[in-house]
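# Reading the structure
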Amino acid sequence: MAKDQPHLSIQMSDSNTNGIPSRKQFSSDLPGRKESILTFHNICYRVKTKTGFLCFRKTTDKEVLRDVNGIMRPGLNAILGPTGSGKSSLLDILAARKDPSGLSGDILINGAPQPSNFKCTSGYVVQDDVVMGTLTVRENLKFSAALRLPKSVKDQEKNERVNQIIKELGLSKVADSKVGTQFTRGVSGGERKRTNIGMELITDPAILFLDEPTTGLDASTANAVLLLLKRLGNNGRTIIFSIHQPRYSIFRLFDNLTLLAAGRVLYHGPAQHAIEYFQSIGYQCEPYNNPADFFLDIINGDSTAVAMSKTNAMNTESTEECTECDKTIAEKLAEKYSNSSYYQETKAVLENISSGHKKKTKAIFQQITYANSFLHQLKWVSKRTFKNLIGNPQASIAQVCVTIVLGLIVGVIFFGLKEDSAGLQNRVGAMFFLTTNQCFSSISAIELFVVEKKMFIHEYISGYYRTSAYFIAKLMADLIPMRTIPSIIFTCITYFMLGLKPTAGAFFTMMFTLMMVSYTATSMALAIAAGQNVFAVANLLMTITFVFMMIFSGLLVNLTSVMSWLSWLKYFSIPRYGMTALEINELSGLTFCNGQTTSRDLPKFFFSKFINVSVFIHRCTGDGYLKEQGIDASTWGLWQNHVALACMTVIFLIIAYLKLRFMKKFS
């Protein structure tokens, strides 16, 4: 090693680097956890990609990882490489969170096959923080403890564990502060990242995975997070994480380094020996250069060391060396590593560990285990959902305010409806507005599963709760209140301002009808949005669907005049069922002529309005108007629309649940 490189002389494996306490000085872990060594053998991973348009699309196989081997021991194990090198894919494979199709190889824990529920017993911190921003740091940790620790652990012990994690991660000052959302300011980025780490440490996992833990953090905060991980590693945990381009103060904390490029291993071994290894194969690190930058420069082919290496290669005239020059730098480095002593030593250890214990990787990803019962999960997820609704009142308050304003506007426009031809038209118009407003206001429900998709997938595959518990909790604690209250407000404001039927039965029937329309439209929104990644796509699909439903609602076109090959579409119109129920409830039994038109005026009225006698007679009564529209005005005619709405609601909810249940469950 060159003497003019002072940074190389620092011992990165020293447990007291940067003042980090050694394992003897820090022993706050739960008893019973054993150190774990993770080994991976001949990992290969291929994915199928589609290119082209529609019928001309072609499927091609892309090789992401090729013959990757290594050992991850207690301490900091960094996976380093440029963008697209396969480091995140390798991390997900080791954590059992990658789709097993196209995957081959073996992963062992302490020489034994990886458990089938490994992703539930290990810790995994995703790159994008998935923590409820409307809750405090302590509440988020309590949620994790309540669902991931078994019910046999008493509440007092769970609280002690939460307090211990808060102290261990240095979150005492912000323990009762909200994490923060895009609308409200909360804790800092580093504290948010530590909260995510704390939620995974609740179960005291022996192996902790982190995907790009420094993403979005400034240099100082990133250094603090890695110091925390170093302390955890010194305490006996196996910390495995991917990282792109760390600064030198972070790099020197690494115990083990895996360097990837183009899906192949370029180096795997002690981090403090990496520069010495590259020097031995002809790449000299310049003084005061960051080793991480040096490695990436070599891979990208834009460093001084690479230029010098190319010059030396051009001076040699052997055929083998000329053939090597035609290969990419990554391929040459991978071949040199496969011939190095580091690879031979690693291979020997892996063969010794894996003898008699191999198990195919495809069989280990299936099982998800839960520490608590369905009812316990439902209770805690409902509690968190309700707290989130209360803690982020902007959307709910805004919806209530908009409902009040719209109700008053409708009440003023249609104020004091009379029993004449104009009153009939206004009544039908008001009912059309009420039903369509209930439909379009439900579009906001698509945010529920789109916004929380990443959080749901992470918590589900980590064993927090079942899909059914999450789905039902969302319906009870979020959707039902947000759809019931506006319907009640709308009915109370508009019913009396419009002067509709002065009977209690008609009033509550209208309220129930508006609720059913809102529930059905919301369930359709959930069915469309579940599994979607982009909010705009789900929003567009919902808008187009409701526009077509409005056409067949019964006002814009007389449904009895629609051609038979199109008339069946009316059975899929949510506004039609709601509007029909409201019309039967209000118009049945009402008379609209009220003596204003006499037999002497009939001919003049007919010719001026271009209508015939039968239509006029029908429209003089609400029953006649309903009969003209092909509507059954009986009691069963009223409730069969409610039954249709209820059936559609159930069908849409089943579709939404199945889409959640069977969506891709790998991060």
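These lines cover the structure that appears in this document, whether it is placed above or below. (Residues numbered from 1 in each chain as written. Predicted model: local features only at pLDDT ≥ 70, side-chain atom pairs only at ≥ 80, totals over all residues. Heavy atoms only, no water.)

What follows covers the layout of surface pockets. The space that makes up the largest pocket amounts to roughly 1200 Å³. Around the largest pocket sit 39 residues that line it, and N388, N392, E447, V451 and E452 are the ones nearest its centre. Those elements giving two or more residues to the lining of the largest pocket turn out to be α14 (374-391), α15 (393-413), α17 (447-451), α18 (453-461) and α19 (467-498). Residue contributions to the lining of the largest pocket peak at six residues, all from α15. (1 Å grid on protein atoms, 1.4 Å probe; cavity = no way out; pocket = protein on both sides within 12 Å on 5 of 7 lines; lining within 4 Å. Points joined across faces, edges and corners; volume = space filled by probe spheres on them. Helix = DSSP H or I, 4+ residues; strand = E, 2+ residues; numbered from the N terminus.)

Judged by pairing direction, the sheet is mixed, and its six strands sit side by side in the order β6-β7-β8-β3-β9-β10 without closing on themselves. The sheet is open, and its two edges are formed by β6 (123-125) and β10 (264-270), each paired on a single side. Adjacent strand axes in the sheet meet at a mean angle of 15°, parallel and antiparallel pairs treated alike. Alignment of strand β9 (residues 256-261) against β10, held across six bridges, turns out to be antiparallel. Opposite A261, over in β10, you have R264 as the bridge partner. Relative to the sheet, helix α12 (residues 329-338) contacts β9 and β10, its axis offset from that of β10 by approximately 45°. (Pairing = 2+ DSSP bridges. Axes fitted to C-alpha atoms, helices over the stretch in contact; angles between N-to-C directions. Contact = heavy atoms within 4.5 Å.)

Under the definition given, this model contains 15 salt bridges. Several salt bridges converge on common partners, so that one network encompasses R161, E168, D204 and R237. (Salt bridge = Lys/Arg side-chain N within 4 Å of Asp/Glu carboxyl O.)

Below, the discussion takes up empty space enclosed by the protein. To find the voids left in a structure, one rolls a probe of water-molecule size over its atoms. Inspection of every chain in the model, using the stated rule, returns two cavities of 30 Å³ or more. If you list the elements that add at least two residues to the lining of the largest cavity, you get α16 (421-441), α19 and α23 (574-587). A total of four residues in the lining of the largest cavity trace back to one element, the largest contributor, which is α16. Of the residues that constitute the lining of the largest cavity, the class distribution is nine nonpolar, one polar and two charged. (Nonpolar A, V, L, I, M, F, W, Y, C, P; charged D, E, K, R; others polar.)

On to the packing of helix α20 (residues 504-529) against α23, then. Remark: α20 packs on α23, axes separated minimally by 10 Å, with the N-to-C direction vectors making an angle of 180°. Here α20 is positioned roughly antiparallel relative to α23, judged by the angle of their axes. In this structure, α20 contributes G505, A506, T509, M510, T513, L514, V517, T520, A521 and M524 to the contact, and α23 contributes I574, G578, A581, L582 and N585. Grouping the amino acids of the contact of α20 with α23 by side-chain chemistry returns nine nonpolar, six polar and no charged. (Parallel < 35°, antiparallel > 145°, perpendicular 65-115°, else oblique.)

Burial within β9 is extensive, with six of its six residues counted as buried. In β9, alternate side chains face the same way, and those of N256, T258 and L260 on one face and L257, L259 and A261 on the other are all buried. Strand direction decides the pairing type here: strand β3 (residues 75-80) and β9, joined by four bridges, are parallel. Following the sheet pairing, N77 is matched in β9 by N256. Remark: two residues form the turn of the hairpin made by β9 and β10, two consecutive strands paired antiparallel; A262 in that turn has positive phi of roughly 55°. (Buried < 20%, exposed > 50% of the residue type's maximum accessible area, 1.4 Å probe, protein only.)

Turning to the nonpolar core, a few remarks are in order. Judged by nonpolar contacts, the single largest core of 143 residues is most densely connected at L38, I197, F209, L229, F278, F295 and I574. The leading source of residues in this core is α20, at nine residues. Ranked by size, the runner-up nonpolar core spans 17 residues in total, among them F490, L498, L514 and M515. (Core = buried A, V, L, I, M, F, W, Y, C linked by side-chain atoms within 4.5 Å.)

Strand order in the open sheet formed by four strands is β2-β1-β4-β5, and the pairing between neighbours is antiparallel. The open sheet has two free edges, formed respectively by β2 (58-72) and β5 (112-113), since each of these has just one partner strand. Each of β1 (38-51), β2 and β4 (103-109) is contacted by helix α1 (residues 87-94), which is oriented at about 65° to β2, the strand it contacts most. Packed on one face of the sheet, helix α13 (residues 341-354) meets β1, β2 and β4 and runs near 85° to β2.

Right, let's talk about a positive patch on the surface for a bit. A cluster of basic residues, K142, K151, K379 and K383, forms a positive patch at the surface. Looking at the element boundaries, K151 is found in the loop between α3 (137-148) and α4 (155-168). When its relative accessible area of 58% is taken as the criterion, K151 is described as exposed. (Patch = residues over 30% accessible without salt bridge, like charges linked within 9 Å, V, L, I, M, F, W, Y side chains within 5 Å. Areas by Shrake-Rupley, 256 points an atom, 1.4 Å probe, with all protein chains shown as cover. Lys, Arg positive; Asp, Glu negative; His and termini not counted. Charge placed at Lys NZ, Arg CZ, Asp CG, Glu CD.)

With that out of the way, let us pick up helix α5 (residues 189-201). In this model, α5 (13 residues) spans 18 Å end to end at C-alpha, consistent with the 18 Å of a helix rising 1.5 Å per residue. By the criterion of burial, α5 is predominantly enclosed, with 11 of the 13 residues buried. The set of residues buried in α5 consists of G190, E191, K193, R194, T195, N196, I197, G198, M199, E200 and L201. (Expected span 1.5 Å × (residues − 1).)

Function cannot be inferred from these measures alone, as they are strictly geometric.
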